[in-house]
Amino acid sequence: MFDRIKSTPAKICLMISALVTVVYSVNFMLWADCYVTGGADGCFTLISNETTAGMISYGNGGPETAFNGVLMFGVFMSTMLILNEGAKGMWKVMIPVILGFVVMSATVWAYWGDLDSSEAPKYIVPVTTVIYMAAYFLLKAEDEVDDGLSEFKMGLNIEDKPSLVAMLVVVVMGVWYSVMSVVLPGDRIEAFGIGESSQELLDAGLGAPSEVTVAVSGSLFLVYTIWTAMVVLDGAKGKWPILHPGIFFLIAATVSTYMALVDNVGELSRPVSDQFVLDSVAGPLAMLLVLFAYYRLRDEGVEDGMTGYGAGMEELSPNAFNILVITVTLILGLVFTANVMLL
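This structure is a prediction, so every number in the text was calculated from the model and none was measured.

Cut-offs applied
- Residues numbered from 1 in each chain as written.
- Predicted model: local features only at pLDDT ≥ 70, side-chain atom pairs only at ≥ 80, totals over all residues.
- Heavy atoms only, no water.
- Helix = DSSP H or I, 4+ residues; strand = E, 2+ residues; numbered from the N terminus.
- Contact = heavy atoms within 4.5 Å.
- Phe/Tyr/Trp six-rings, centres within 6.5 Å; stacked < 30°, edge-to-face > 60°.
- Buried < 20%, exposed > 50% of the residue type's maximum accessible area, 1.4 Å probe, protein only.
- Polar contact = N/O pair within 3.5 Å; in protein donor to acceptor, adjacent residues only side chain to side chain.
- Disulfide = S-S within 2.5 Å.
- Patch = residues over 30% accessible without salt bridge, like charges linked within 9 Å, V, L, I, M, F, W, Y side chains within 5 Å.
- Areas by Shrake-Rupley, 256 points an atom, 1.4 Å probe, with all protein chains shown as cover.
- Salt bridge = Lys/Arg side-chain N within 4 Å of Asp/Glu carboxyl O.

### Description of the environment of Leu-332
One can find Leu-332 in helix 11 (residues 320-342). With sequence-adjacent residues up to four places away left out, Leu-332 is seen in contact with Phe-73, Ile-251, Ala-252 and Val-255.

### Comments concerning the packing of aromatic side chains
For the structure shown, the criterion picks out 15 aromatic pairs. Geometrically, the ring pair formed by Phe-67 and Phe-249 is tilted, given 6.1 Å between the ring centres and 55° between the ring planes. Remark: Phe-249 occurs in helix 9 (residues 240-263) and Phe-67 occurs in helix 2 (residues 62-85); sequence separation between them is 182 residues. Residue classification places Phe-67 among the partly exposed positions, given a relative accessible area of 22%. Residue classification places Phe-249 among the buried positions, given a relative accessible area of 3%. For the ring pair Tyr-224 and Trp-227, a centre distance of 5.3 Å and an interplane angle of 85° mean the geometry is edge-to-face. With a gap of three residues between them, Tyr-224 and Trp-227 both fall in helix 8 (residues 211-234), about one helical turn apart.

### Notes on the environment of Asp-234
Along the polypeptide, Asp-234 turns up in helix 8. Here Asp-234 falls in the buried class, since its relative accessible area comes to 12%. As a C-alpha pair, Asp-234 and Leu-156 span 78 residues in sequence and 7.3 Å in three-dimensional space. With sequence-adjacent residues up to four places away left out, Asp-234 is seen in contact with Glu-151, Phe-152, Lys-153, Gly-155, Asn-157 and Lys-239. At 3.1 Å, the side chain of Asp-234 and the backbone nitrogen of Lys-153 are in polar contact. A polar contact of 2.8 Å, which involves the side chain of Asp-234, links it to the side chain of Lys-239.

### Some words on the state of the cysteines
Applying the stated criterion to the full structure yields one disulfide. Between the sulfur atoms of Cys-34 and its disulfide partner Cys-43 the distance amounts to 1.6 Å. Its S-S torsion of approximately -50° makes the covalent link between Cys-34 and Cys-43 left-handed. Residue Cys-34 is classed as buried on the basis of its relative accessible area of 5%.

### Considerations on a nonpolar patch on the surface
A cluster of nonpolar side chains, contributed by Val-272, Phe-276, Val-277, Val-281 and Leu-285, occupies part of the molecular surface with about 430 Å² of accessible area. Tracing the chain through its elements places Val-272 in the loop between helix 9 and helix 10 (274-296). We classify Val-272 as exposed; its relative accessible area is 64%.

### So, the pattern of salt bridges
Between side chains of opposite charge, pairing is possible as soon as their charged atoms come close. A full pass over the atoms with the stated rule returns eight salt bridges. Asp-146 is the partner of Lys-140 in a salt bridge, and the nearest nitrogen-oxygen pair spans 2.4 Å. A salt bridge links Asp-304 to Lys-237; its shortest N-O distance comes to 2.5 Å. Residue Asp-304 is located in the loop between helix 10 and helix 11, and its partner Lys-237 is located in the loop between helix 8 and helix 9; the two are separated by 67 residues in the primary sequence.

That's the geometry; what it means functionally is another story.
Here it is as structure tokens:
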């Protein structure tokens with residue numbers, strides 16, 4: 001397994017990065033409310049923020065933490081793609097991830113302030129960033145990670161106009177969300193209209209998120225924004241490695257959002273602000289736009305060079321990606337449904 005990475009040190013670095021992102025991703029996606037309340041009253045969580053009732057950070061930002069888990073899920077999928085398929089030409093995956101991780105490392109320290117939760121993220125984020133960067137540089141020699149980088153060209157290089165419009169809309173949405181979340185997280189929090197949270201809301205993990213939590217969302221979202229922009233600027237040919245993780249992220253975001261809405265029917269909930277409605281609609285809209293563009297861009301070679309566990313397109317089913325999308329969607333749906341029903 002993972003024998004398509006020739007550099008053993010790079011492989012180890014990628015595996016560590018994958019392990020960190022999948023642990024945090026699963027914990028946040030499924031048990032964010034328990035994470036932000038420190039596992040109070042026996043609430044299950046793999047990792048706790050180590051808070052108790054009465055602390056500043058207790059019960060704040062459960063939904064936003066869950067969204068961060070979904071964002072990490074896509075990054076985890078991109079790392080697994082490299083481990084499974086090899087690193088040749090994967091600069092287009094790794095450079096945006098590095099940029100997002102660097103911004104996240106900076107924002108975690110810049111916005112931490114007087115938070116009294118566990119400080120583990122302040123150190124795990126930059127350490128993971130360094131490990132991922134090390135993997136990239138170790139992959140340069142034997143694994144040809146930079147193959148094709150010198151041929152990158154700037155311009156609007158999608159020929160199909162409907163696809164170009166769809167991708168540009170997604171890029172604009174991503175830039176707005178990333179910039180607002182990283183540069184003005186306080187304004188984002190105010191737009192949620194949560195106000196002062198009652199103890200009941202805090203116990204449910206529904207208090208207002210911290211600036212750190214919102215800025216982390218923007219930093220991770222930056223990765224997907226750059227991936228999408230690269231398709232627009234460099235053309236669709238062979239860009240399946242950067243579109244697939246984004247598609248999986250958007251599917252996970254849509255499923256988790258609406259499962260959360262179903263779970264909260266008749267339960268304690270935050271005020272329904274305009275920003276909440278906008279965010280709830282934006283995810284599914286972006287998913288539909290990206291899928292629409294992806295299928296139309298097959299004629300422009302978006303799946304050129306696509307492999308599955310190293311096997312080329314000639315050995316894959318013509319519907320290989322369709323099957324994968326349906327399978328991932330069903331698995332995510334079952335996981336989120338089981339989590340709602342059992343916990």
